[in-house]
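Structural overview for review
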Amino acid sequence: MSAVPSIDLNDGQSIPQLGFGVFQIPPEETTDAVRTALEVGYRHIDTAEMYGNEREVGDAVRDSGLDRADVYITSKLSNGAHAPDDARSAFEGTLAALSFDYLDLFLIHWPLPTLYDGDFVSTWRVLEEFRGDGRVRSIGVSNFQVEHLERLAAETDVVPAVNQIELHPQFLNAEVRAYDEAHGIATQAWSPIAQGRLVDDPVITAIAERIGRSPAQVVLRWHIEKGNIVFPKSTTPARIRENFELFDFELEPGDLMQIDALEQGEAGRIGPYPDTFAFVPG
Ligand SMILES: NC(=O)c1ccc[n+]([C@@H]2O[C@H](COP(=O)([O-])OP(=O)(O)OC[C@H]3O[C@@H](n4cnc5c(N)ncnc54)[C@H](OP(=O)(O)O)[C@@H]3O)[C@@H](O)[C@H]2O)c1
């Protein structure tokens, strides 16, 4: 089994650098996918209330026979639950759905600066309560831009342990990534293989052919060497396995530079723009 490195967080905890993401996996397929991932060796699962599959993630962990303490579990606050009392109920709902009495990491999924009077600071203080009472080991944010992180720094005492942002070779998200690094915030890269778009890129496929690896492995290895935390999603067992085999090869400095040069700036962004995204589940 490959040994997955751990990344130290700013609160004294640590997180496996490679995990398994379950966004867009229908609940009826989630238990099988997560069970496969745990059999392959993944010990870090990234879910969210808005993915609608927390219950099935919990079931898969229990089915695996692994100790709860051996699997790192992240979930995220629904966009519909930023008001403090709603956030408290939503967090209890997440623990109940997973059937766990604690989470390893809980995130504000989106900053939603155009909703809730632009107040994500009160929401953050509620996450601080969950950490304080021991129901979550680490707290963090997702899709926070520099100005959102600056506001938390100015108005609160706890620096997020992680910021989970869109980041892949076509969208380096460099300004946010640099802020995270300068302030001790670990960066988690979502859509690490750009939802599959990068596997046909000629630069990636040429490197993959030269070193005898798959294109997805090349891109995921690039993230690992950059220090990003990643959790690729797949419902295909062979790909779940392939995406885990990242720790018995290295890229050359020239490969890293060629991959960096795929950056397209905002044109490379796949997901919503965090400053204006205002989706609230119905
Ligand atoms: N915080 C946020 O706002 C946010 C947003 C998006 C994602 N995320 C997190 O990040 C995780 C990963 O991002 P993502 O699911 O958007 O995209 P991704 O992991 O970059 O890509 C997933 C897609 O790539 C395909 N794929 C996976 N492995 C492959 C391989 N080895 N070769 C070829 N194709 C492959 C999958 O197909 P098959 O499944 O058909 O194999 C799927 O279509 C999510 O699951 C979620 O946990 C967070």
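See above for the structure.
Residues numbered from 1 in each chain as written. Predicted model: local features only at pLDDT ≥ 70, side-chain atom pairs only at ≥ 80, totals over all residues. Heavy atoms only, no water.

**Some points on the overall build of the protein chain**
What counts is decided by this rule: What counts as a helix is a DSSP run of H or I of at least four residues, what counts as a strand is a run of E of at least two, and both are numbered from the N terminus. With C-alpha atoms as the basis for the radius of gyration, the globule rule is written as 2.2 Å multiplied by the number of residues raised to the power 0.38. Only protein chains enter the accessibility calculation, which uses a 1.4 Å probe; a residue is then buried when its area is under 20% of its type maximum, exposed when over 50%, and partly exposed in between. Here, two residues are considered to be in contact whenever any of their heavy atoms come within 4.5 Å of each other. Residue-level accessible areas treat just the shown protein chains as cover; the underlying method is Shrake-Rupley with a 1.4 Å probe. A residue counts as positive if it is Lys or Arg and as negative if it is Asp or Glu; His and the chain ends are not included. By convention, the point assigned to a charge is CZ for Arg, NZ for Lys, CD for Glu and CG for Asp.
Secondary structure assignment for the protein chain yields ten helices and ten strands. Since a compact globule built from 282 residues should have a radius of gyration of about 19 Å, the 18 Å found for the protein chain is in line with a globular shape. Here the protein chain holds 282 residues, and the buried ones make up 54% of them. The long-range fraction of contacts in the protein chain, counting pairs at least 24 apart against all pairs at least 6 apart in sequence, stands at 74%. Here the protein chain has roughly 11500 Å² of accessible surface; of this, 48% comes from carbon and sulfur atoms. Charge centroids of the protein chain, computed over 22 positive and 46 negative side chains, lie 3 Å from each other.

**Section: helix α7 (residues 202-211)**
Every α-helical turn comprises 3.6 residues, leaving residues that sit three or four positions apart pointing alike. For clarity, the threshold we go by: Directions are taken from the helix axis to each C-beta atom, and the arc is the one they span. Here a polar contact means two N or O atoms within 3.5 Å. Within protein one must be a hydrogen donor candidate and the other an acceptor candidate, and residues neighboring in sequence count only if both atoms are side-chain atoms.
Listing the buried residues of α7 in full gives I204, I207 and A208. Looking straight down α7, one finds that the buried residues subtend no more than 100° of arc, so they occupy a single side. The exposed set on the far side of α7, more than 90 degrees from its buried face, consists of P202 and E209. Considering only its buried residues, α7 is in contact with α8 (215-226) and α10 (253-260). Capping the start of α7, D201 holds a side-chain oxygen 2.8 Å from the backbone nitrogen of V203, two or three residues further along. Looking one or two residues past α7, G212 carries a phi angle of roughly 70°, positive in sign.

**Considerations on the sheet that holds strand β10 (residues 229-230)**
What counts is decided by this rule: Pairing between strands requires that DSSP locate at least two bridges from one strand to the other.
Strand order in the open sheet formed by eight strands is β3-β4-β5-β6-β7-β8-β9-β10, and the pairing between neighbours is parallel. Edge strands, defined here as strands with exactly one partner in the open sheet, are β3 (20-21) and β10. Sheet analysis places strand β4 (residues 44-46) next to strand β5 (residues 72-77), joined by three bridges and oriented parallel. Residue pairing across strands places I45 opposite I73, the latter belonging to β5.

**Considering the side chain of E56**
Here E56 shows up in helix α2 (residues 54-64). Aside from chain neighbours lying at most four places away, what touches E56 is P27, T30 and T31.

**Some details on the packing of aromatic side chains**
Operational definition: A pair of Phe, Tyr and Trp rings is counted when the ring centres sit within 6.5 Å of each other, with Trp represented by its six-membered ring. The angle between the planes then sorts it: under 30 degrees is stacked, over 60 is edge-to-face, the rest tilted.
Evaluated as defined, the whole model comprises ten aromatic pairs. Measuring from centroid to centroid gives 4.1 Å for F91 and F130, while their planes differ by 10°, and the two rings are stacked. With F91 in helix α3 (residues 84-98) and F130 in helix α4 (residues 121-132), this residue pair connects regions lying 39 residues apart in the sequence. On the basis of relative accessible area, F91 is assigned to the buried category, the value being 0%. Under the relative-accessibility criterion, F130 is labelled buried at 1%. An angle of 50° between the planes, with centres 4.3 Å apart, marks the rings of W110 and F277 as tilted. Separated by 167 residues along the polypeptide, W110 in the loop between β6 (103-108) and α4 and F277 in the segment after α10 bring together distant segments of the chain.

**So, the nonpolar core**
Worth spelling out the cut-off: By nonpolar core we mean a set of buried residues, namely Ala, Val, Leu, Ile, Met, Phe, Trp, Tyr and Cys, connected to one another through side-chain atoms within 4.5 Å.
Counting 71 residues, the largest nonpolar core has F20, I45 and I73 as the members making the most contacts within it. For this core, the element with the highest residue contribution is α8, accounting for six residues. If we ignore the near neighbours within four places in the chain, the residues touching F20 are I25, A33, V34, A37, Y42, H44, I45, D46, F231, P232, S234 and I240. Among the nonpolar cores identified, the runner-up in size contains eleven residues, and L9, I15, A161 and A186 belong to it.

**Quick look at the layout of surface pockets**
Formally: Definitions used throughout: a 1 Å grid over protein atoms alone; a cavity as a set of points that fits a 1.4 Å probe which cannot get out; a pocket as an open set with protein on both sides within 12 Å along at least five of seven lines; a lining residue as one with an atom within 4 Å of a point. Grid points are joined across faces, edges and corners, and a volume is the space filled by probe spheres set on the points. Asp, Glu, Lys and Arg are counted as charged, while Ala, Val, Leu, Ile, Met, Phe, Trp, Tyr, Cys and Pro are counted as nonpolar; the rest, among them Gly, fall into the polar class.
Empty space within the largest pocket amounts to approximately 750 Å³. Lining the largest pocket are 37 residues, with F23, Q24, S191, Q195 and K233 positioned closest to its centre. Within the residue set of the lining of the largest pocket, elements represented by two or more residues are α8 and α9 (237-242). A class-by-class count of the residues in the lining of the largest pocket yields 17 nonpolar, 15 polar and five charged. Lining the second largest pocket are 14 residues, with Q145, N173, E175, V176 and E266 positioned closest to its centre. Elements with a contribution of two residues or more to the lining of the second largest pocket: α5 (146-155) and α6 (174-182). Ranked by residues supplied to the lining of the second largest pocket, first place goes to α6 with three residues. Looking at the lining of the second largest pocket residue by residue, the classes come out as five nonpolar, three polar and six charged.

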